[in-house]
Each structure stands twice: as structure tokens, then as C-alpha cells.
Amino acid sequence: MGNDGNGKALRDLLPVFVLLTTGIVFLPAIHNDFVTWDDNAALAGNLNYRGLGMTELRWMFTTFFMGHYQPLAWLTFGGDYILWGLNPLGYHLTNVVLHAANAALFYFVALRLLALSKIDENRWRLRSGACVAALFFALHPLRVESVAWATERRDVLSGLFFLAAIIAYLKAATSEAEAAYSKWIAVALVAYLLSLLSKATGMTLPVVLVILDFFPLKRVGWSADGWFGKAARKVWIEKLPFAVLAGAAAVTAVMAQYLSGAMKTVAGHGPLQRVAQASFGLLYYLGKTFFPARVYPMYDLPRDFSPWEPVYVGSFLVVVAITAVLFVARRRRPALFAAWIYYTALIAPVAGIAQSGSQIVADRYSYLSCLSWSLLVGAGAIYAWRRYFRQNGFARWAAPLAAGVVLVMLGLLTQRQIAVWRDSETLYRYVLAYTPRPSKTAFNNFAGLLAEDGRFDEAIAYYQRALEIDPRFDDARSNLGNALAAQGKTEEAFAQYREALRLNPNSLITHHNFALTLARHGRIDEAIEHYRKALEIEPRFLEGHNNLGLLLAAKGRYGEAIDHYRKALEIDPTFPLAHVNLGDVLIAEGHRQEAIEHFQKALEFEPDLASARSSLAKALAAEERSGAAAGR
């Protein structure tokens, strides 16, 4: 009895072991910096999410910023900002905690699915298999991008609710009482909604639930009525609310990508290319799951993507062959067929079928899709132990020893990959050194680091290399314009800005860059027009309002300038330059006392701001002279 109690206590500690092990392996990520691949725009340079007031919440639930609708992810970032400011440690720590929680949740998903599959009746072996599955998922280097990249919070957060929805659904499907069934279906729906509000990746959950109904639940496809008989009717009806949520999420995701300019049209990326990319991706993630010697953060689509290249034709044929073989064997090997269909369903939306961005594959897309392979690894561990290693002696420990060695190796590879994300320079140097195909994104972003250091000749060479890879890369053209302008090559810079806007008329950053350069060369009216266009694209563009105010004030249009300064301060009341600029215009308009208040506020937020000190001193001196004159 005592031994049984001790054994039960040890089994109950397994999910805690999974959670702590995952947290320890990923803990080095907290020492990583933000990187200039989206972190700078989404977090370090984005004022809109900083806090949880009504203004921030309204923005979070209405924005398609950077091509995503992810209000819950923004909520967590807002909480991070309240706790940590802009210290990257806190943002990375939240990601690590969420990923560790996902590992523990997946342990329970795996345990329930392994038990339902009847692979073994022994509770200890089932729990051990679930532990292996959870750790294989959690410690794999393919998970690093979703965890160590701060901006990809949406992966781990949506994954949390996705796994919770599956657990709730499995409880509903195995409930005998109608009340319990209804309760758990409701819980699954709420969890699914929260997952979709974190990221739209989980839109394929209704398909996943049908797969679970096929195996291991055997609610459809196994009875005499087949898939659409009377017994299966309830199964299909209960999927309707999930399908409605999935449809809404799909429409929202497409809209967000389209409005951001990230969505590729069928004309630019045709059906054959999409099928070729999806086939390549299916084999790529599968191969990297079991042979993860090196993974690549940036793996770009080739500029001239021909679906007839041998690698894509071969990938398509292999995918078709695997699907056909597993379909034929679906009764004898239902677990393999279910795992393959699950994997295909989760990969399809992000593997080229609805292409957005420049990547052909991306590690982050494996976060939920490869859960089925981890589950099969756990099942394989149970089968191997029961079939080959149950006898006494060393053989009895061969299976757990082998599993331990594999998991340790994965953990070491993962920590090596976490170091790749240490900072921007480390990340881009790794990509440029090891990625099989040259990455335009890495060339562009590394050039940005060089430009920040004033190494403009080198930066220009890297921008040009990015444009050799993709002449339609508008961000690189805009950045090249900045580098040329810094070298005094103004007309060449203007040409790059114009071409960038021809390629992408809704580029906020290009309008901003063009306006800055125009203003520096006295072309104020043109600069004003570009700032107006930038503010049409993003009405809460802080620098846009402040800089437009400066240009309008220079033209003597003080009333309009004041309006834009006030809008800037609505966005960020702590922005000292807007306080100073507003104060200067208020002085010109004769509102000296209000101006003094703004100069004082600027110094509260930045005590060493020279322009605020100078303007305040002049305003106080004028106030003193005015008072003295009134006294006489």
C-alpha cells in the first residue's frame, strides 16, 4: 500500500517535472535582448500597447498592427510593460513561463490520448510515455523561435488555450452525463475563442476535433453508419460553433494580412507554387523534427520560385505517397493516419496555401503542428519498453536511458539555438552564415545595424545585396534611401524612396523617411504631404504628429501645429519633445502661462533636456519682465 502511494505521488509529480525541466532549459532566453526583427517595431518602438488603460485596450482590440489580430497577446505585453518597462528580461520570462505551462498541459493531453488509444493499461507506463511526449515537444530546438523571439508571444499564448480547448473537448466527448458534456463543450469553446484572440493559427481546431473523433475516440468512421449516419450527427452538429469561430478568425486573419500588405496574391504566388511550397514545408518540418542538427530562423522563398524544380516535385510526390499509404492503412494503423492528417491540417494554412511574408518555412509554424509527432514518440517509447525491454537486467533500463539521452541532446541543441537569438547581430550573422538560401531579411536588418554605427558604405552594400535577392523589397529600398541621404546623395535617396512607395504605397516607414529627408532639404510642403499620408495609415503615429507639428509651425500654421502636438500627447503624455514644441508654439500664440506648464512637464520627464531648459528660462524671464512692467 505504501509503495503504491509512493508510486502514485511520483507519477503525479511528472507534469511538475516536465514544467520545471522546460523552464530550466529555456531560462537562458531571459538574458536575450530585443532583436530588430519585429521586436523593435512591435515592442521597443511601439507606444500603443504600453499600459492597460482604456486607450491601450481600445487599440489592442481594434488594431491589425503588423498584419496580426492578437488582442490577448497585446494584453500580456501591456502587463509586461507595467511590470518591467522596456527591460527585455521580463518579456522573455513571460514567454518561457507560457511555454513551460504548455509543456505541462501537453503532458495531460498526451496522457489522455495514450489512455484512449489503449496502447497500454499500465498507468506508470502511460504517464512515462506522456512525459516523454511532452518533453520531446517542449525541449525541441524547433520551439526556440516561438519562445526566444519576444514578438512571437502569440505562439505560446495561443498554444496555451489551444491545448486547454483540446483537454476540455476530450472531457466532453468521454462524459456520460449530459450536464458534464455541455459544461466541457462550453469550456472548450471559450478556450478556443481565447486561442484565436491570441493568434489565428488555431483556426483548424474543428478539423483537429474531427480527427480526434476518428481516433482515438472512434465517434465517427468506425460504426456501421460510417461518417454521416445517425450516430455521427451529434458529432457534426457540435462542431458548428467551433466552425463559426474558425471562419471568423480566418476572415480576420486574411484581412489583417491584406491590409498590412503581407498577403501574396494568387497572381504573384500561383496555385502550383503554393502546393509546391506546402509539400516542401510538410517534409521540412517532419525531417527537422527527427533530425534537428540545425534550424534556420530566416528561410526565404526564392525570388523566381519554380514549382517544377526537383526538390518541390519530389516533395509533392512523397507527400502524396505518404497520404495514400496511411489512408489505405487507416483501419490497421489509425494513430499514424490521424497524426499525419492533424499535422497536415495545422501546417496547411501557414505553409503557402495562404501565403504571407517572404518565408518558405519558419520554425514557429511547427509549434502546434508537430504535437502529433511528439505524441507518437511517447507512444513509441511505451511500445518499445513493453515489447523489448521488460526483462530484468540492463535491457530493462535501455528504453528509459535511450529516451533520456535523446531528450538531453535536444535540450543542448535548444540552448545552442537560444544563444542564436542573443541579440540582433548574433541572429543575422548566424542566418547569413548557415541558412541554405540567402535571406533578404537578414541582409536588410544587418545593414540597419551597420547604419546605426555610421558604417554607411558597408550598410549600402548589404542593402544592395538584399535588393539583388528581391528588387521589390520596399523596406530595403527605403532603408537604402536613408543610408544614401546620410552620405549626402540626396537625389539618389529620393529615387529609392519613390520606388519603395511605388512598390508599397502604404508603407508608413517610407513616408516617414522620405518626409524627414525632404524636410532636411527645405522641401517642407512635400514633407507635410508625406506625413499626412503616414498619419492616414497609422493615426497614432507619435513621431508623425510631432514632426508634422514642427513643419506646420515652420510655415506659421500654429493652430494646426498645436492640434498635432496635442494628439501626440494624447498618445504619449510623457513625450518631452512634444511638450517643448507645443510650449514654443503657445508662446508664439501668446499663451505664455500654459507654455511654461508644458516646459516644466518636459523637464519632469527628461530633466536634462536642453531645449526645455532654454525655452523655460526664456518664458520665465519674459513673465518676470511682464510682471515688472505691470508693476510700474
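Details of the structure are given in the entry above.
A quick note: this is a predicted structure, and the numbers were derived from the prediction, not measured. (Residues numbered from 1 in each chain as written. Predicted model: local features only at pLDDT ≥ 70, side-chain atom pairs only at ≥ 80, totals over all residues. Heavy atoms only, no water.)

Caption draft 1: Structural view of the overall build of the protein. Looking only at helices and strands, the protein has 31 helices and two strands in total. Counting only C-alpha atoms and orienting by the principal axes, one finds that the protein spans roughly 105 × 55 × 55 Å. Buried positions account for 52% of the 632 residues belonging to the protein. Considering only residue pairs separated by 6 or more positions, the protein has 68% of its internal contacts joining residues 24 or more positions apart. Averaging the locations of the 62 positively and 53 negatively charged side chains of the protein gives two centres separated by 12 Å. (Helix = DSSP H or I, 4+ residues; strand = E, 2+ residues; numbered from the N terminus. Buried < 20%, exposed > 50% of the residue type's maximum accessible area, 1.4 Å probe, protein only. Contact = heavy atoms within 4.5 Å. Lys, Arg positive; Asp, Glu negative; His and termini not counted. Charge placed at Lys NZ, Arg CZ, Asp CG, Glu CD.)

Caption draft 2: Main features of the side chain of Lys440. One can find Lys440 in helix H21 (residues 440-452). If we skip the residues at most four places from it in the chain, Lys440 touches Asp300, Ser358, Ala466, Ile469, Asp470 and Phe473.

Caption draft 3: Geometry of the pattern of salt bridges. With the rule as written, the count across this model stands at 22 salt bridges. Between Arg465 and Glu468 there is a salt bridge whose closest N-O contact spans 3.6 Å. Placement of the pair is Arg465 and Glu468 together in helix H22 (residues 456-469), with a separation of three residues, close to one helical turn. We classify Arg465 as partly exposed; its relative accessible area is 29%. Residue class for Glu468 comes out exposed when judged on its relative accessible area of 51%. Via salt bridges that share partners, Glu152, Arg154, Asp155 and Lys199 belong to a single interconnected network. (Salt bridge = Lys/Arg side-chain N within 4 Å of Asp/Glu carboxyl O.)

Caption draft 4: Representation of a nonpolar patch on the surface in the model. A contiguous nonpolar patch, built from Leu13, Val16, Leu19, Leu20 and Ile24 and spanning about 450 Å² of accessible area, is present on the exposed surface. Its location among the elements puts Leu19 in helix H2 (residues 14-26). Residue class for Leu19 comes out partly exposed when judged on its relative accessible area of 34%. (Patch = residues over 30% accessible without salt bridge, like charges linked within 9 Å, V, L, I, M, F, W, Y side chains within 5 Å. Areas by Shrake-Rupley, 256 points an atom, 1.4 Å probe, with all protein chains shown as cover.)

Caption draft 5: Highlighting the side chain of Asp155. Residue position: Asp155 is located in helix H9 (residues 153-173). Setting aside residues up to four positions removed in sequence, Asp155 forms contacts with Ser146, Lys199, Arg364 and Tyr367.

Caption draft 6: Representation of the nonpolar core within the structure. One finds Phe106, Leu205, Tyr343, Trp421 and Leu427 to be the most contacted residues of the largest nonpolar core, which totals 174 residues. The leading source of residues in this core is H9, at 13 residues. Aside from chain neighbours lying at most four places away, what touches Trp421 is Asn32, Asp33, Val35, Trp37, Val144, Glu145, Ala148, Trp149, Pro297 and Leu427. Membership of the second largest hydrophobic core comes to eleven residues, among which are Ala42, Met60, Trp74 and Ala150. (Core = buried A, V, L, I, M, F, W, Y, C linked by side-chain atoms within 4.5 Å.)

Caption draft 7: Fine view of helix H29 (residues 576-588). The end-to-end C-alpha separation of H29 is 19 Å, in line with the 18 Å expected for 13 residues at 1.5 Å each. Those residues of H29 lying buried are Pro576, Ala578, His579, Val580, Asn581, Leu582, Gly583, Val585 and Leu586. (Expected span 1.5 Å × (residues − 1).)

Caption draft 8: Representation of the environment of Val320 within the structure. Among the structural elements, Val320 can be located in helix H15 (residues 310-328). For the pair Val320 and Ser279, spaced 41 residues apart in the sequence, the C-alpha separation amounts to 8.9 Å.

Caption draft 9: Unusual backbone geometry, seen in detail. Omega for the bond connecting Phe215 with Pro216 falls within 30 degrees of zero, at 15°, which places this linkage in the cis form. One can find Pro216 in the loop between helix H11 (205-214) and helix H12 (230-237). Phi angles above zero are rare outside glycine, and Asp38 is one such case at about 80°. Its place among the elements puts Asp38 in the loop between H2 and helix H3 (39-44).

Caption draft 10: Summary view of the packing of aromatic side chains. Evaluated as defined, the whole model comprises 35 aromatic pairs. Note on Tyr107 and Phe108: the rings are 5.2 Å apart at their centroids and 80° apart in plane angle, and the pair reads as edge-to-face. Classification of Tyr107 by relative accessible area gives buried; the value is 1%. By relative accessible area, which is 41% here, Phe108 ends up partly exposed. Judged by centre distance (5.9 Å) and plane angle (80°), the ring pair of Phe214 and Phe337 falls under edge-to-face. Of the two residues, Phe214 is situated in helix H11 and Phe337 in helix H16 (residues 334-347); the sequence distance between them amounts to 123 residues. By the burial criterion, Phe214 is buried, and Phe337 matches it. Among the aromatic residues, those joined into a cluster by ring pairs are Phe34, Tyr49, Trp59, Phe65, Trp74, Phe77, Tyr81 and Tyr91. Above the face of the Phe327 ring, Arg330 is positioned so that its terminal group lies 4.1 Å from the ring centre. A cation over a ring is seen here: Arg364 above Tyr365, with NZ or CZ 5.0 Å from the ring centre. (Phe/Tyr/Trp six-rings, centres within 6.5 Å; stacked < 30°, edge-to-face > 60°. Lys NZ or Arg CZ within 6 Å of the ring centre and 35° of its normal.)

Caption draft 11: Broad picture of the environment of Ala335. Among the structural elements, Ala335 can be located in helix H16. Considering only alpha carbons, one finds Ala335 and Leu212, 123 residues apart in sequence, at a separation of 9.9 Å.

Caption draft 12: Main features of H9. For H9, with 21 residues, the first-to-last C-alpha span of 31 Å sits near the 30 Å given by 1.5 Å per residue. Burial analysis of H9 places 18 of its 21 residues in the buried class, which makes it a mostly covered element.

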